[in-house]
Amino acid sequence: MDNLNVGIVGLGWVAGAHIEALKAVTGSDVTAICSRREHNESVLAETYGTPLKAYTDFDKMLADPDVHIIDICTPHPFHAEQAIAAAQAGKHLIIEKPICLTYEDAKAIRDAVKSTGVNVCVCFECRYSAHFTMIRSVIDNGLLGELHYAEVDYYHGIGPWYGQYEWNIKKDFGGSTLLTAGCHALDALLFFMDGNVEEVTSYHTQSTGAYFQPYEYKTTSVSLLKFEGGGKIGKVTSCVDCLQPYYFHIHLVGSEGSLLDNRIYSAKLQGMDKSRWSTLETSLIDSGDVSDHPYEPQFQAFIDSIRRNEPMPLTDFDTAFETHRVVFASDMSAEASGKTVKLSELD
């Protein structure tokens, strides 16, 4: 069977990581890019190690029958319009997070995807990391028992030293601390807790440090999540105004044990010492550099799912849509000074 050809829109830092990952995926080829700037195709081939047809007109790339998948790597505010147009053109989709900046746009993408039947991969790639795979295995093997509390926190100082800073500081580009970054942490909490969120209460604040004053939105938020059934609660911090190393904090508490990042105590494992953590060796999510993110296994799963004509596992559109719905509810609560928002309010 012929390979599926991928056309990438946007040619920045993230796109480079996507191209390298897709080159290693069986069953796909990156064959085209679309950028506002004109590019010499021979220079592109030399830079990325693969022939690339260069477009400056997105509609023309969508009209190319030899492009089967559109990979959206543009800044956040362009995702919705481009995703809808690509779906309507019958192209499968890879969408970088966040899928959009408003809940209305999220619903519009959902409607376009459902009406056209295209397959979608949303880049919550951390679900495919060795770290998250290990944690999921710990949960599935019952080593923590029944989870009743979880906190997953995202600490990543996005200041002038960071490539996306110049546009990320703007409200109509970054959106919110959760949308631009912390959605990875919220998605992780939902991945681990296995339940639907009933309501969320959120507060936000901002550093007084000079690096973070240009931000047009609050740069730290804390969200408290109550799950349906009343037996589970969780907390997510999204902090992009910290001066510290990147840190993806995970603490899960259950009826038979607890997990802290890559450390565990489980009453299910006889002979463990409850006064000390035992370390589970794995590769941690400890960098915000997209080149360190596990795109390759995620994209391989996506290509394989298209071949099988079924939704991809873990990061399909419906799963990612629910994460975004909770993000938007959290932002609504924070904007209302911590007023609790029920997920039922977002139809």
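Whatever comes next refers back to the structure up there.
Cut-offs and rules
Throughout, a residue's number is its position along its own chain's written sequence, starting from 1. Confidence filtering applies because this is a predicted model: local features only for residues at pLDDT of at least 70, side-chain atom pairs given and counted only at 80 or more, and all residues used for totals across whole chains, interfaces and linings. Working from all heavy atoms in the structure, the side-chain values ignore hydrogens and water. The definition of a nonpolar core used throughout is a set of buried Ala, Val, Leu, Ile, Met, Phe, Trp, Tyr and Cys residues joined through side-chain atoms within 4.5 Å. Throughout, exposure labels follow a simple rule: accessible area from a 1.4 Å probe, protein chains only, divided by the maximum for the residue type, with under 20% read as buried, over 50% as exposed, and the rest as partly exposed. For helices the rule is a DSSP run of H or I covering at least 4 residues; for strands it is a run of E covering at least 2, with both sets numbered from the N terminus onward. Contact between two residues is taken to exist if any of their heavy atoms lie within 4.5 Å; hydrogens are not considered. If DSSP finds at least two bridges between two strands, the strands pair. Lines fitted to C-alpha atoms define the axes here, with helix axes fitted over just the stretch in contact, and angles between the N-to-C directions of these axes take values from 0 to 180 degrees. When charges are counted, Lys and Arg contribute as positive and Asp and Glu as negative, whereas His and the chain ends are disregarded. Each reported salt bridge corresponds to a side-chain nitrogen of Lys or Arg within 4 Å of a carboxyl oxygen of Asp or Glu. N or O atoms closer than or at 3.5 Å make up a polar contact, with two conditions inside protein: a donor-capable atom paired with an acceptor-capable one, and, for residues adjacent in sequence, both atoms drawn from side chains.

### Remarks on the nonpolar core
- Membership of the largest hydrophobic core comes to 83 residues, with the highest contact counts inside it found for Ile70, Phe192 and Phe248.
- Looking at this core element by element, the count peaks at 12 residues for helix α9 (residues 177–193).
- Those residues in contact with Phe248 that sit more than four places away from it in its chain are Cys126, Phe132, Val152, Asp153, Tyr154, His184, Ala185, Ala188, Asp261 and Ile285.
- One finds Leu11, Val30, Leu44 and Tyr295 within the second-largest nonpolar core, a separate group that totals 29 residues.

### Looking at the sheet that holds strand β11 (residues 247–254)
- Strand order in the open sheet made by the 9 strands is β14-β13-β12-β11-β7-β10-β9-β8-β15, with mixed pairing throughout. Edge positions in the sheet fall to β14 (278–279) and β15 (341–342), since each of these pairs with one other strand and no more.
- Sheet topology places strand β7 (residues 147–155) next to strand β10 (residues 233–239); 7 bridges connect them, and they run parallel. If you follow Val152 over to β10, its bridge partner there is Val236.
- Against the sheet, helix α6 (residues 130–140) touches β7, β11, β12 (257–260) and β13 (263–266), its axis set at about 5° to β11.

### Looking at the side chain of Asp316
- On the secondary structure map, Asp316 appears in the loop between α10 (295–308) and α11 (317–335).
- No salt bridge forms around the buried Asp316; measuring N to O, its nearest opposite-charge neighbour Arg127 is 6.7 Å away.
- Looking at Asp316, its side chain comes within polar contact range of the main-chain nitrogen of Asp318, at 3.2 Å.
- Beyond its immediate chain neighbours, meaning those up to four positions away, Asp316 contacts Val120 and Pro311.

### Concerning unusual backbone geometry
- Across the junction of Lys97 and Pro98, the peptide omega takes the value -15°, indicating a cis bond.
- Its place among the elements puts Pro98 in the loop between β5 (92–95) and α5 (103–116).
- Positive phi outside glycine occurs at Asp261, with the angle close to 55°.
- Turning to its location among the elements, Asp261 is positioned in the loop between β12 and β13.

### Concerning the sheet that holds β5
- Here 6 strands make up an open sheet; going across it, the order is β3-β2-β1-β4-β5-β6 and the pairing parallel. Two strands close off the open sheet at either side, each with one partner strand: β3 (53–55) and β6 (120–122). Averaged over all neighbouring strand pairs, the angle between strand axes comes to 20°, with direction disregarded.
- As defined by bridge partners, β5 adjoins β6 across 3 bridges and the pair is classed as parallel. If you follow Ile95 over to β6, its bridge partner there is Val122.

### Description of helix α1 (residues 13–23)
- Along α1, 8 of the 11 residues are buried, which leaves the element largely enclosed by surrounding structure.
- Contact partners of the buried residues in α1: β1 (4–9), β2 (28–34), α2 (41–48), β4 (69–72), β5 and α10.

### Looking at the pairing of β1
- Where burial is concerned, most of β1 is hidden: 6 out of the 6 residues are buried.
- Here β1 shows no split at all, with Leu4, Val6 and Ile8 on one side and Asn5, Gly7 and Val9 on the other all buried.
- Across 6 bridges, the pairing between β1 and β2 is parallel. Bridged to Val6 within β2 is Val30.

### As for the side chain of Asp71
- Residue placement: Asp71 occurs in strand β4.
- No salt bridge is formed by the buried Asp71. Its closest oppositely charged neighbour is Lys97, at 13 Å.
- In this structure the side chain of Asp71 is engaged in a polar contact, spanning 2.7 Å, whose partner is the side chain of His18.
- If we skip the residues at most four places from it in the chain, Asp71 touches Val6, Gly7, Ile8, Val9, His18, Leu22 and Ile94.

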